[in-house]
Protein chains: 2
Amino acid sequence: MTAHPPGAAPAGRRAGAERVRDAERTRAEILAVATREFADRGYAGGRINEIAARTRTTKRMIYYYFGSKEQLYVAVLEQAYAGIRALEQQVDVEHLDPVAAIRELAALTFDHHEAHPDFIRLVSIENIHRAEHIARSTVLPDLAEPALAALGTILRRGREAGVFRDDVDALDVHQVISGYCVFRTANRHTFGAVLGRDMLDPARRHHQRTMLGDLVAAFLQAPDPRRAPATAPR
Amino acid sequence: MTAHPPGAAPAGRRAGAERVRDAERTRAEILAVATREFADRGYAGGRINEIAARTRTTKRMIYYYFGSKEQLYVAVLEQAYAGIRALEQQVDVEHLDPVAAIRELAALTFDHHEAHPDFIRLVSIENIHRAEHIARSTVLPDLAEPALAALGTILRRGREAGVFRDDVDALDVHQVISGYCVFRTANRHTFGAVLGRDMLDPARRHHQRTMLGDLVAAFLQAPDPRRAPATAPR
DNA sequence: CTCCGTATGTACCAGTTGGTGAGTTGGCTG
DNA sequence: CAGCCAACTCACCAACTGGTACATACGGAG
């Protein structure tokens with residue numbers, strides 16, 4: 001994800017330089033550097049000149065391959081989203097019991113978000129722009145979070161087993177989990193500045209991770225508050 | 001609103017205006033316009049020229065009063081944060097029972113965040129800048145979220161009454177509530193674009209609001225999972 | 001009325017930024 | 001080897017951007 005050592009990737013090739021003519025590689029390098037730049041400074045704050053300078057190619061090449069700053073940014077977004085949807089459906093939906101499964105899914109999401117802060121930054125940035133670029137993309141809308149399918153299955157099994165409430169759907173739960181995970185990364189800095197706690201402090205990680213599992217599990221297992229008053233758990 | 005004709009401007013004086021020489025008013029107007037501009041386009045994306053154009057004064061005045069773009073932005077942040085901390089401690093902490101109180105606090109936070117989307121945008125923007133401006137401010141750190149005090153009281157009373165778990169503190173709960181509320185506003189656009197649901201759709205508002213209350217209430221009332229296995233509530 | 005600092009407007013600038021025209025070279029194909 | 005096109009370099013620019021030098025008018029103090 002970060003800058004890879006120059007010579008290591010393709011077999012052969014001189015260690016330091018010797019990048020003669022390799023469209024694929026040039027394009028990939030531009031995209032990688034651009035990802036860092038935009039994730040770091042936002043779209044408006046990101047500088048084409050700076051991206052060019054950090055690449056082994058020139059600014060002209062950026063326009064050769066991507067056409068414009070905006071198209072480059074969209075390409076960055078698309079690649080980032082694409083790289084994310086991989087690790088999603090690893091939950092053993094069918095064999096774990098629903099509560100264990102939902103905890104597993106929460107934990108997985110937790111780890112996943114924590115491992116990809118750059119992606120979360122890009123998402124935040126894109127939200128500031130009201131998702132106007134993402135909306136213009138042709139590739140993104142249909143990836144539709146495969147985690148949702150797993151989540152839906154877990155919820156259904158939980159309801160059938162009579163342990164989950166039935167007034168929330170998969171998107172609701174996804175929103176809760178995602179909100180929790182995104183918030184602690186995306187709002188880490190102001191939260192820390194104003195409240196004096198670093199939500200990503202490794203010492204607190206286990207607690208935070210457990211808390212998310214408890215949160216979602218307790219929520220789903222709670223008696224439907226529409227018929228059982230909140231103060232009277234049996 | 002746009003460029004005003006030089007000579008003809010308000011030949012006939014406006015009734016309440018009389019903006020001949022009014023430092024206070026000029027300053028305030030700049031700040032208001034700047035707030036919108038920065039909330040709308042971010043710090044790097046915000047344009048001093050644009051702010052000036054939308055004001056009845058000139059760019060020169062911005063520098064006269066605020067010195068630089070960055071100082072103006074910090075002033076915007078400070079005013080935004082200051083304007084927020086008002087509505088916070090309205091919960092009747094002492095008289096409501098803990099569960100009702102925590103639901104009330106959650107609902108209040110929910111309404112509050114929903115009513116101030118610009119503030120949330122500014123916070124998002126500031127997080128992208130890693131809170132570097134907020135950190136430099138001298139006023140912000142000590143406002144320390146008065147809601148936390150109320151929250152602390154609620155938690156303590158709930159624990160004393162034996163209905164709340166004791167392994168989470170006020171900041172933890174605040175993080176959960178805040179995360180939920182911030183997420184649905186801050187990430188509204190990408191969530192909508194990728195998952196096809198508008199978290200702020202008025203038709204869903206009641207459900208979302210209730211869900212947050214249930215979430216927090218269920219979480220706090222859940223048996224301590226460290227001694228009671230999740231699958232076996234007797 | 002005169003004085004004077006504060007508030008304000010005009011014109012301007014130097015540096016940067018996204019973007020491009022046009023020529024050059026590597027290396028594959030025939 | 002000739003031909004050719006994709007890949008690449010270099011120099012250049014118009015527009016904008018944050019910022020400022022300087023002139024000026026308001027309006028209260030004396």
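What counts and how
- Residues numbered from 1 in each chain as written.
- Chains lettered and ligands numbered in written order.
- Predicted model: local features only at pLDDT ≥ 70, side-chain atom pairs only at ≥ 80, totals over all residues.
- Heavy atoms only, no water.
- Helix = DSSP H or I, 4+ residues; strand = E, 2+ residues; numbered from the N terminus.
- Buried < 20%, exposed > 50% of the residue type's maximum accessible area, 1.4 Å probe, protein only.
- Contact = heavy atoms within 4.5 Å.
- Domains from an automatic or database assignment.
- Salt bridge = Lys/Arg side-chain N within 4 Å of Asp/Glu carboxyl O.
- Polar contact = N/O pair within 3.5 Å; in protein donor to acceptor, adjacent residues only side chain to side chain.
- Nonpolar A, V, L, I, M, F, W, Y, C, P; charged D, E, K, R; others polar.
- Buried area = accessible area lost by both parts, 1.4 Å probe.
- Phe/Tyr/Trp six-rings, centres within 6.5 Å; stacked < 30°, edge-to-face > 60°.
- Near = heavy atom within 4 Å.
- Expected span 1.5 Å × (residues − 1).

Peer 1: Quick one: what's the story with the overall build of chain A, residue by residue and with numbers?
Peer 2: Within chain A, the secondary structure is distributed over 11 helices and zero strands. Along the chain direction, N to C, the helices and strands of chain A fall in the order α-α-α-α-α-α-α-α-α-α-α. Per-residue burial over chain A gives 49% buried out of 234 residues. A sequence separation of at least 24 residues applies to 68% of the contacts in chain A between residues at least 6 apart.

Peer 1: Any details on the domain arrangement of chain A? Residues and values, ideally.
Peer 2: All names here are of chain A. Entries for chain A in the domain assignment read domain 1 (20–67) and domain 2 (77–220). On the side of domain 2, seven residues touch domain 1, which itself brings eight residues to the contact. Taken together, the connections running from domain 1 to domain 2 amount to zero salt bridges. Put simply, domain 1 and domain 2 have two residue pairs in polar contact (both at pLDDT 80 or more) between them. Residues that form the side of domain 1 that touches domain 2 fall into these classes: four nonpolar, two polar and two charged.

Peer 1: Help me get a handle on the interface of chain A and chain B, residues and values and all.
Peer 2: How big an interface is tends to be stated in terms of accessible area lost as the parts join. Listed per partner, the contact involves 61 residues of chain A and 60 residues of chain B. At the boundary of chain A with chain B, total buried surface from both sides reaches about 5,200 Å², with 64% on carbon and sulfur atoms. Summed over the shared surface of chain A and chain B, the result is eight salt bridges. The partner of A:Asp169 in a salt bridge is B:Arg197, and the shortest N-O contact between them spans 2.5 Å. At the junction of chain A with chain B, the criterion picks out 18 residue pairs in polar contact (both at pLDDT 80 or more). If you list the elements that add at least two residues to the side of chain A that touches chain B, you get helix H1 (23–45), helix H5 (98–115), helix H6 (117–128), helix H9 (170–186), helix H10 (188–195) and helix H11 (202–221) of chain A. At 12 residues, the largest contribution of residues to the side of chain A that touches chain B is made by H9(A).

Peer 1: Tell me what's going on with the packing of aromatic side chains, and back it up with residues and numbers.
Peer 2: Taken as a whole, this structure holds 12 aromatic pairs over all chains when the rule is applied. Between A:Tyr81 and A:Phe119, the aromatic rings sit 4.9 Å apart at their centres with planes inclined by 80°, giving edge-to-face as the arrangement. Pair noted here: A:Tyr81 is in helix H4 (residues 69–84) and A:Phe119 is in helix H6, with a separation of 38 residues, a long-range link. Ring centres of B:Phe183 and B:Phe191 lie 5.9 Å apart, and the angle between their planes is 90°; on these two criteria the pair is classed as edge-to-face. Judged by its relative accessible area of 5%, B:Phe183 is buried.

Peer 1: Hey, could you go over the protein's contact with DNA strand D for me, with residue numbers and the actual values?
Peer 2: In the neighbourhood of DNA strand D, 21 residues make up the surrounding shell, with A:Arg21, A:Tyr65, B:Arg47, B:Lys59 and B:Tyr63 lying closest. Put simply, 48% of the atoms of DNA strand D that lie within 4 Å of the protein are in sugar or phosphate. Taking A:Asp22, its main chain carries an N or O atom lying 3.1 Å from a phosphate oxygen of DNA strand D. The contact in question runs from a base nitrogen of DNA strand D to an N or O atom on the side chain of A:Tyr64, over 3.5 Å. Residue assignment for the surface near DNA strand D shows that the elements contributing at least two residues are H1 and helix H3 (59–66) of chain A together with helix H2 (48–54) and helix H3 (59–66) of chain B. Its residues assigned to classes, the surface near DNA strand D comprises eight nonpolar, five polar and eight charged.

Peer 1: I'd like to hear about helix H8 (residues 147–160) of chain B, residue by residue, with values.
Peer 2: Counted at 1.5 Å a residue, the expected span for H8(B) with its 14 residues is 20 Å, and the 20 Å between its end C-alpha atoms agrees. Within the sequence span of H8(B), burial applies to B:Ala147, B:Leu148, B:Ala150, B:Leu151, B:Thr153, B:Ile154, B:Leu155 and B:Gly158. Against the buried residues of H8(B) lie H10 of chain A together with helix H5 (98–115), helix H9 (170–186) and helix H11 (202–221) of chain B. Looking one or two places after H8(B), you find B:Gly162, whose phi comes out positive at around 75°.

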